[in-house]
Amino acid sequence: MTATLALRKSDRRRDGAVGDRLFRLLAGGCALLVALALLGTALTMAWGGREAFAAFGWKFLVSTEWDAVNHHFGALVPIVGTLVTAFIAMLLAVPVSFGIALFLVEVAPAWLRAPVAAAIELLAGIPSIIYGMWGLFVFAPFMAAKVDPWVDAHLGGLPVVGALFSGPPLGLGMLTAGIVLAIMVIPFVTSVMREVFLTVPSRLKESAYALGATTWEVAWQVVLPYTRQAVVGGVFLGLGRALGETMAVTFVLGNAHELTASLLMPGNSIAATIANEFTEADSELYRSSLIALGLLLFAVTFVVLVAARLMLRRLERKRGGA
Amino acid sequence: MNTSTLTVSERLYRRRRFRNALALVFSGVATVFGLFWLAWILWTTLVNGFGALDLHLFTRMTPPPGEAGGLANALFGSFAMSALAIAIGAPVGVLAGTWLAEYARRSRLGEAVRFLNDILLSAPSIVLGLFVYAILVKPAGHFSAFAGALALALIALPIVVRTCDEMLQLVPNAMREAALSLGLPQWKVTVRVLWRSARPGIVTGILLALARISGETAPLLFTALNNQYWTANPNAPMASVPVAIFQFAMSPYDDWHALAWAGALVITAFVLLLGVAARWYLHRSQMAHD
C-alpha cells in the first residue's frame, strides 16, 4: 500500500518534471520561431534577390532604368522616392508630434489629457489603406487645386531650391505622399514621445518649476535632455514606419519610374513598386529585382529600427536603475 | 545704473515669458493641427462610407465593373483569414511571451529574442508578405488564403509576444512562490495561476493584434491575392476587404469607388471599436483587481 503510494507520488513528481521540460521546450520553441521569422525574412529576401544582384551587380543600386520589356532594372528611383517621402514626412511629423506630446504632458488641463491621448492612440491604429484612400480622393485634388499652384508660383522661382518646387499641379507626387505619411506617423511618434516624457521624475520638473522656470524652459532644459535618446528612438521608430509604409504611399505617389528634382512630380517608392508590380511580374528576373528591392527596404528599416530600439532601451535601463 | 539693470532683468523676464507663451501656443496649435487631419480623414470616411452603405454590401459578391454588388466574399475572407491568423499567432505568441517572462527574463538569449521581437513588431509588412510568398506561395505554385493568414499571423505574433511578456512580468513573485510551495509543477503554475492572473492584459494584446491585422493590405497582395467569387477553400486565393478596397479605389469606376468607401467605413469602424473594447476590457479588469 505504502509502496504503491510512494510509487504514485514519484510518478506524479516525474510527470511534473516531464511536463515542465515539455512546456519549457514548447515555449522556447515558440520564442525561437519569432527569431526565425526575422532571420528567415532576411535570408529569403537575399536568396530571392540573388538573380537581380547577379545580373546587375552594383549598378542595380544606382541605375534609374526600370524597363520590364527589355529586362533592365535599377533601384535608384524607388530608393530616392522612399528616402524623400520619408524625409518630408519626418520633417513635418517630428515638430508637430513634439508639440502634441508637450501639450499632453505639460500644458493641457488634467481633464483633457487622458481623452486626447486615448484619441491619438486609437487613431494610430487606423489602417494605412484609409489614409491612402483619403489621400487619393480628397487630399490629392486639394493639393492640385490649392497647394501645388501656390508652391509652384511662390517657391518655384527660388534660386537653388526652386527646382524642388516647380512643376505642374498634378496633386499626386512626392510632396503629397510625404504629407500623407506625416499625418500617418504623427499619432505614432506622439504616443511614443508622450510615454517617454511621462518617465521624467516629477521631482526634477518640480525643482525646475520651484526655481521659477517657465513651462517651456522645463520642457526644453529638463524634460528633453533627460529623455533625449528615447525621443530620438521614437523618431526613428516613426522613420522606420514611414520608410516601410506601403498603402498610404501607393495611392498618392503616382507610380512613375522617373527621377525628377521636383517634389510635385509623381515618383515611386520601394514598397509601392513592390505592391504595384509584384503580381504582374512576368519573368524571374523581374520578380527577383522586386525581391531585391524588398531586401534593400528590409536592410534599411532594420538598421533604423535597431538604432531606435537601442536608444529606447537605454531610457528603460535608466528608469530601472533609478 | 540701478534702473538700467532692472530693465535688463525685466527684459529678460519678458523675453522668457514671451518665449514660453510662444511655445505653449505652438503646442496647442500642433495638437489642433494633428487632430484636424485625423478628424478630416475620419469625417471623409464616414460621409462617403455611409453614402454607399446598404444591406447588399453584406449579401452580394464583389461585382465586375458597372454592376451592382457588395463585399460579402471580401468580408468573409477578411474574417476567415484574420481568425486563422489569430489561431496561429495567439498561441505561439503567448507561449513565446511566457518563455521570455518566465524562463529567460534576465538571460542573454531572452534579451536577444525580445530585441528581435521588437524589430519584427515594426518591420515593414510588405516584406513579411514577400517572405511568406517565398516560403509558401512559390513552392505551392499558387496563391492561397492560408498563405495570407500566415502573413497576417507574422504581424500579429510580435504584438502578442510583447504584451504577454510584459503582463507576466507584472505578476507579483509572491504568486509564483505561493503556487510553487503547494508542490505544483512549474508549468501548471504558469498555466493555472500566472496566465489567469495576466489574462486581461493578454486578451487585450490579442484584440489589439486583431485590430492591427484586420486592416492590413500589403502582406495580402501576393499571398492571398484576391478573388471575385465566394470561396471558403483555404487553399485557394481569397478576397479580403483591404485588398478589395485597394483594387476598387484604384479603378476608374464610380460604383467601385462607392464600394471601396463602404469597405473603408466598415474596416475603420471595426478597428476603432475593437481598440475601444480592448482598452475598456483592460481598464475594467484592472478596476476589479484594485
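Here is a short report on the structure shown in this document.

Conventions used here
Residues numbered from 1 in each chain as written. Chains lettered and ligands numbered in written order. Predicted model: local features only at pLDDT ≥ 70, side-chain atom pairs only at ≥ 80, totals over all residues. Heavy atoms only, no water. Salt bridge = Lys/Arg side-chain N within 4 Å of Asp/Glu carboxyl O. Helix = DSSP H or I, 4+ residues; strand = E, 2+ residues; numbered from the N terminus. Buried < 20%, exposed > 50% of the residue type's maximum accessible area, 1.4 Å probe, protein only. Axes fitted to C-alpha atoms, helices over the stretch in contact; angles between N-to-C directions. Left-handed = near helix turned anticlockwise from the far one by under 90°. Contact = heavy atoms within 4.5 Å. Nonpolar A, V, L, I, M, F, W, Y, C, P; charged D, E, K, R; others polar.

## Some points on the pattern of salt bridges
Thought 1: All told, the structure shown has 13 salt bridges over all chains when counted by the stated rule.
Thought 2: Across the pair E121 of chain A and R279 of chain B runs a salt bridge whose closest N-O atoms are separated by 3.6 Å. Separated into two different chains, E121 of chain A in helix 5 (residues 110-123) and R279 of chain B in helix 10 (residues 254-289) make up a pair that spans both.
Thought 3: Note on E121 of chain A: relative accessible area 26%, which makes it partly exposed.
Thought 4: Between R114 of chain B and D165 of chain B there is a salt bridge whose closest N-O contact spans 2.7 Å. Note that R114 of chain B is positioned in helix 4 (residues 108-122) and D165 of chain B in helix 6 (residues 145-170), a separation of 51 residues in sequence.
Thought 5: Because the salt bridges share partners, they merge into one network encompassing R313 of chain A together with E111, R114, D118, R162, D165 and E166 of chain B.

## Some words on the packing of helix 3 (residues 72-103) of chain B against helix 4 of chain B
Residues and elements named next belong to chain B.
Thought 1: Between helix 3 and helix 4, whose axes approach to 10 Å, the crossing angle comes to 145 degrees. Handedness of the crossing formed by helix 3 with helix 4: left-handed. Residues W99, L100 and A101 of helix 3 touch helix 4, and the partners they reach there are L109, G110, V113 and R114.
Thought 2: In terms of residue class, the contact of helix 3 with helix 4 is built from five nonpolar, one polar and one charged.

## Details of unusual backbone geometry
Thought 1: A positive phi angle, close to 60 degrees, is found at H71 of chain A, a residue other than glycine.
Thought 2: H71 of chain A sits in the partly exposed class, given a relative accessible area of 31%.
Thought 3: Its identity as a non-glycine residue notwithstanding, L225 of chain B has a phi of 55 degrees, on the positive side.
Thought 4: Residue placement: L225 of chain B occurs in the loop between helix 8 (186-214) and helix 9 (241-249).

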